[in-house]
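As a plain string of letters, each chain reads:
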Amino acid sequence: TITGGRVGENSNVELVFRDFEEAGDTSLPGFIVYDGLSTDSWIYDSFSGDHFAEFSNFGADTVSEDWLILPGIDFALFNSGSFNFDNAKGFSGNDIEVLVSTNYVSGNPNLATWDTLTSFATLSTGFFNDVNSGDVDLSNYLSSNTSIAWLSAGSGTSSSTAATWQIDDIQV
């Protein structure tokens, strides 16, 4: 949720809320999915009536570097901002990375500058336990083109390096 408000105001404004429950979400509209090294990809999935974005690199054809990007959020008129999201990790393997950029437009995200915000987010420790990330401060990234990304990387060659990640209820 946006903290603060437009410059000169003192209110909270929600710019983006994605819970993946709306009809048509099956292709992850509003997101850019980029598969850097493998043929695996972020997908729309569900379990017990809950819908979310999911990535698993188990059994991948090669090392995975797969991006779920929420692009081009306009913070230009705001003096502060934050976001939070629900996440669940299944199986053992690498943690997801949470990143932010103010110069990503489209295409290969490796061509943009990204800062890591992972240490500011609470991540699930496994067993598909849902946790909320807590508010992640974006005050240093207020621009007309702020992008938030979740990056999953792993070898995919064994279960010890192939975690499954689910992202849901994104609030900016």
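Above this text sits the structure in question.
On a predicted model such as this, the values are computed, not experimentally measured, just so you know. (Residues numbered from 1 in each chain as written. Predicted model: local features only at pLDDT ≥ 70, side-chain atom pairs only at ≥ 80, totals over all residues. Heavy atoms only, no water.)

K.L.:
How should I be thinking about the sheet that holds strand 8 (residues 115–116) in this particular structure?
P.N.:
In any sheet, the strands associate via hydrogen bonds between backbone groups, in a parallel or an antiparallel arrangement. Strand order in the open sheet formed by five strands is 2-5-11-7-8, with antiparallel pairing between adjacent strands. Lying at the two open borders of the sheet, with one neighbouring strand each, are strand 2 (32–35) and strand 8. (Pairing = 2+ DSSP bridges. Helix = DSSP H or I, 4+ residues; strand = E, 2+ residues; numbered from the N terminus.)

K.L.:
So what exactly am I meant to see when it comes to the pairing of strand 7 (residues 97–101) here?
P.N.:
For strand 7, a buried count of four out of five residues is recorded, marking the element as mostly surrounded by other parts of the structure. With five bridges joining them, strand 7 and strand 11 (residues 146–154) adopt antiparallel strand pairing. If you follow valine 98 over to strand 11, its bridge partner there is tryptophan 150. Across two bridges, strand 7 lies against strand 8 in antiparallel orientation. Of the residues in strand 8, the one forming a bridge with valine 100 is aspartate 115. (Buried < 20%, exposed > 50% of the residue type's maximum accessible area, 1.4 Å probe, protein only.)

K.L.:
What am I meant to see in the side chain of glutamate 65 here?
P.N.:
Within the fold, glutamate 65 resides in strand 5 (residues 64–73). It is lysine 89 that comes nearest to the buried, bridge-free glutamate 65 among opposite-charge side chains, at 18 Å. Looking at glutamate 65, its side chain comes within polar contact range of the side chain of tryptophan 67, at 3.1 Å. Those residues in contact with glutamate 65 that lie beyond four places of it in its chain are Tyr34, Asp35, Gly36, Leu37, Asn110, Leu151 and Ser152. (Lys, Arg positive; Asp, Glu negative; His and termini not counted. Salt bridge = Lys/Arg side-chain N within 4 Å of Asp/Glu carboxyl O. Polar contact = N/O pair within 3.5 Å; in protein donor to acceptor, adjacent residues only side chain to side chain. Contact = heavy atoms within 4.5 Å.)

K.L.:
What's the story with the pattern of salt bridges in this structure? I'm lost.
P.N.:
Between side chains of opposite charge, pairing is possible as soon as their charged atoms come close. Within the structure shown, the criterion is met by one salt bridge. Close ionic contact of aspartate 95 with lysine 89 constitutes a salt bridge, the shortest N to O distance being 3.0 Å. By relative accessible area, which is 8% here, lysine 89 ends up buried.

K.L.:
What is the right way to read the packing of aromatic side chains from this model?
P.N.:
The way to describe two aromatic rings as a pair is by their centre distance and the angle between their planes. Under the definition given, this model contains nine aromatic pairs. These aromatic residues form a ring-pair network of at least three members: Trp67, Tyr104 and Trp114. (Phe/Tyr/Trp six-rings, centres within 6.5 Å; stacked < 30°, edge-to-face > 60°.)

K.L.:
How should I be thinking about the environment of isoleucine 148 in this particular structure?
P.N.:
With respect to the helices, strands and loops of the structure, isoleucine 148 is situated in strand 11. Distance in space between the C-alpha atoms of isoleucine 148 and phenylalanine 83 is 9.1 Å, their sequence separation being 65 residues. Apart from residues no more than four positions distant in its own chain, isoleucine 148 is found in contact with Leu68, Ile69, Leu70, Ile73, Phe83, Leu99, Trp114, Leu138 and Val172.

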